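# Residue-level structure breakdown
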Amino acid sequence: MTYQLDQNVSWFTNVPPEDLRRIGDALYRVHYLMAHLTDLDTLLERIMSEGKEVAQAEACSLMLYDPKSEELYFEVAMGETGDQQALKQQFRLKLSEGIAGAAARTRSSINVPDVERDPRFCPEPDNAIRFTTRSLVAVPLVDRDTLIGVIEVLNKRDGGAFSESDLHVMEIFSSVAATAIANARLIEENMRAERLAAIGEAVAGLSHYTKNLVNGLTTSVELMEQSLEQEQYDVLRRGWSILKRSTRKIAHVVEDMLAYSKPREPAFEPVRLESLMEDVMDTFWGLTNAKSIELRVDLEGVTAPVRCDQQALYRGLLNLVVNAADAVSKENGMVWLRAWTRPDGGTTLAVDDNGPGVPPELRHKVLEPFFSTKGSNGTGLGLAVTRKIVLEHGGKLAVETSAGGGARFRIELPPAETD
Ligand SMILES: Nc1ncnc2c1ncn2[C@@H]1O[C@H](COP(=O)(O)OP(=O)(O)OP(=O)(O)O)[C@@H](O)[C@H]1O
Ligand SMILES: [Mg+2]
């Protein structure tokens with residue numbers, strides 16, 4: 001039987017006012033805990049401990065129902081001396097066993113004034129922890145017709161039997177505990193479903209992308225084999241350059257995945273931006289064959305030393321430059337790589353292009369991992385990696401419109417700390 005206000009209101013009239021105040025206070029505390037505790041184990045322990053105090057019991061337990069094995073197992077077990085670990089580890093009850101099993105099976109609360117006179121009583125748990133149960137109240141935990149478990153309070157402290165009002169109070173506690181458990185399970189299930197969906201999406205995107213690259217590798221290897229046999233060295237050279245580019249792209253995506261997968265403390269060092277930009281451009285030309293794109297570098301405004309993790313920043317900038325090259329037209333595409341020192345001593349790095357730009361409504365989205373408009377030609381990891389690197393440097397990454405109407409990605413690094 002679940003707790004229903006209309007059925008149980010009458011018992012309140014027979015409860016002495018001081019007991020009603022105690023019950024009200026305990027329920028107030030339990031509702032407060034429900035709103036403030038996120039850890040289910042702690043919440044259940046606190047609910048049970050309040051229940052034990054209100055019913056003035058020596059011990060209490062909360063058993064959960066495992067629908068697969070159709071058994072009850074101890075989730076919370078508290079005696080006068082604290083946590084009853086042995087019960088949690090050793091015991092499982094069939095629904096045909098014990099008074100708890102009967103309460104679960106019949107979905108009704110049971111008040112037993114003297115367990116010795118009740119043939120349903122199962123003494124094994126008592127024997128395991130050298131406890132002697134005299135009286136008990138067992139109440140099923142039910143949420144929307146689903147059996148969740150059973151709560152029990154054992155041995156009224158004054159040596160007598162539990163009263164009808166004790167039973168009703170425990171029914172209220174059982175409905176609170178059932179709601180807490182059902183909510184926690186729902187949240188857990190939703191989170192699992194969301195996590196699985198996100199993993200599925202990521203794996204699908206990545207496998208599509210790498211499959212394309214591997215297909216490219218296979219085709220160029222076959223082409224090279226043929227051209228070797230036929231001694232066509234021109235074709236061989238072409239196949240070789242495709243092979244080299246595809247291998248670099250695979251290395252690039254693996255490096256992006258590694259960079260994204262775990263937090264990394266930047267290894268700060270003084271950096272010459274000229275050599276950093278040269279590295280970026282070298283790799284850029286090796287990754288794309290966009291020979292017609294013009295790439296310009298302007299570092300004239302840099303007047304203060306730059307301290308950063310050179311390898312990480314190289315990765316972050318490379319992703320921005322590759323994106324810019326993807327966005328611009330193959331005929332008159334322009335990409336600018338600029339850096340300057342701000343009045344506060346920090347460094348700003350900007351990658352501008354004369355492509356179509358990023359629409360304002362997508363400016364947040366493009367920074368999220370796995371967002372890509374390039375179908376199987378992009379993983380959507382590039383900007384997420386750049387953003388992560390910039391944040392790890394204590395900086396900011398902004399998406400804007402460039403002076404010519406294309407995209408501008410601006411990295412702001414904080415001033416170098418002087419030791
Ligand atoms: N310079 C740019 N101009 C216009 N759109 C851009 C630009 N840079 C990025 N974007 C948009 O942001 C999206 C996400 O970029 P991101 O680098 O994260 O992934 P991707 O380039 O699609 O894939 P990958 O980096 O694996 O090649 C791109 O698909 C594109 O729609
Ligand atoms: Mg990219």
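Residues numbered from 1 in each chain as written. Chains lettered and ligands numbered in written order. Predicted model: local features only at pLDDT ≥ 70, side-chain atom pairs only at ≥ 80, totals over all residues. Heavy atoms only, no water.

## Quick notes on the nonpolar core
Membership of the largest hydrophobic core comes to 38 residues, with the highest contact counts inside it found for L317, V321, L349, V351 and I411. Top element by residues in this core is helix α10 (residues 310–327). It accounts for nine residues. Excluding its chain neighbours within four sequence positions, the residues that come into contact with I411 are L317, L320, T347, T348, L349, T386, V390, K396 and L397. Ranked by size, the runner-up nonpolar core spans 36 residues in total, among them V54, I148, A177 and A178. (Core = buried A, V, L, I, M, F, W, Y, C linked by side-chain atoms within 4.5 Å. Buried < 20%, exposed > 50% of the residue type's maximum accessible area, 1.4 Å probe, protein only. Helix = DSSP H or I, 4+ residues; strand = E, 2+ residues; numbered from the N terminus. Contact = heavy atoms within 4.5 Å.)

## With respect to helix α5 (residues 98–106)
For α5, a buried count of seven out of nine residues is recorded, marking the element as mostly surrounded by other parts of the structure. R107 occupies a position one or two residues after α5 and carries a positive phi of about 55 degrees.

## Section: the state of the cysteines
By the definition in use, this model includes zero disulfides. We note that C60 lacks a disulfide partner, and the nearest cysteine sulfur, in C122, lies 18 Å from it. (Disulfide = S-S within 2.5 Å.)

## As for the packing of aromatic side chains
For any pair of aromatic rings, the description consists of the separation of the ring centres together with the inter-plane angle of the planes. Summed over all chains, the structure comprises one aromatic pair. Here F284 and W285 contribute two aromatic rings whose centre-to-centre distance is 4.8 Å and whose plane-to-plane angle is 65 degrees, an arrangement assigned as edge-to-face. The exposure class assigned to W285 is partly exposed, which follows from its relative accessible area of 32%. (Phe/Tyr/Trp six-rings, centres within 6.5 Å; stacked < 30°, edge-to-face > 60°.)

## Digging into unusual backbone geometry
Phi is positive for E70, close to 55 degrees, though the residue is something other than glycine. With relative accessibility at 48%, the residue E70 sits in the partly exposed group. Phi at R144 is positive, roughly 40 degrees, even though this residue is not glycine. On the secondary structure map, R144 appears in the loop between β6 (136–143) and β7 (146–156).

## Thoughts on the site of ligand 1
Near ligand 1 lie 19 residues; those nearest to it are N323, S372, T373, K374 and T379. In the model, an oxygen atom of ligand 1 is placed 2.4 Å from a nitrogen or oxygen of the T373 side chain. Protein chains bury 91% of the 590 Å² of accessible surface belonging to ligand 1 in isolation. Only α10, α11 (382–392) and β14 (407–413) provide two or more residues apiece to the shell around ligand 1. Ranked by residue count, the leading element in the shell around ligand 1 is α10, at three residues. The residue makeup of the shell around ligand 1, split by class, is nine nonpolar, eight polar and two charged. (Near = heavy atom within 4 Å. Polar contact = N/O pair within 3.5 Å; in protein donor to acceptor, adjacent residues only side chain to side chain. Areas by Shrake-Rupley, 256 points an atom, 1.4 Å probe, with all protein chains shown as cover. Nonpolar A, V, L, I, M, F, W, Y, C, P; charged D, E, K, R; others polar.)

## Notes on the packing of helix α9 (residues 273–287) against α10
The N-to-C vectors of α9 and α10 enclose an angle of 45 degrees; their axes lie 9 Å apart at closest approach. Relative to α10, α9 is oriented oblique. Here α9 runs over α10; the crossing is right-handed. Residue-level contacts link S275, L276, M277, D279, V280, T283, F284 and L287 of α9 to Q310, L313, Y314, L317, L318, V321, V322 and A325 of α10. The residue makeup of the contact of α9 with α10, split by class, is 12 nonpolar, three polar and one charged. (Axes fitted to C-alpha atoms, helices over the stretch in contact; angles between N-to-C directions. Parallel < 35°, antiparallel > 145°, perpendicular 65-115°, else oblique. Left-handed = near helix turned anticlockwise from the far one by under 90°.)

## Re the domain arrangement of the protein
For the protein, the domain assignment lists domain 1 (5–189), domain 2 (199–261) and domain 3 (269–413). With centres defined by C-alpha atoms, the gap from domain 1 to domain 3 works out at 61 Å. (Domains from an automatic or database assignment.)

## Considerations on the environment of S246
Mapped onto the elements of the fold, S246 is located in helix α8 (residues 233–261). Residues S246 and G286, 40 residues apart in the sequence, show an inter-C-alpha distance of 9.8 Å.

## Observations concerning the packing of α8 against α10
In a packed pair of helices, the relevant descriptors are the angle between the two axes and the axis-to-axis distance. Orientation of α8 relative to α10, taken along the N-to-C sense of each, is 125 degrees, at an axis distance of 12 Å. Judged by the inter-axis angle, α8 sits oblique to α10. In this structure, α8 meets α10 at a crossing whose hand is left-handed. From α8, H252, E255, D256 and A259 reach across to α10, where they touch R315, L318 and N319. Of the residues belonging to the contact of α8 with α10, the class tally is two nonpolar, two polar and three charged.

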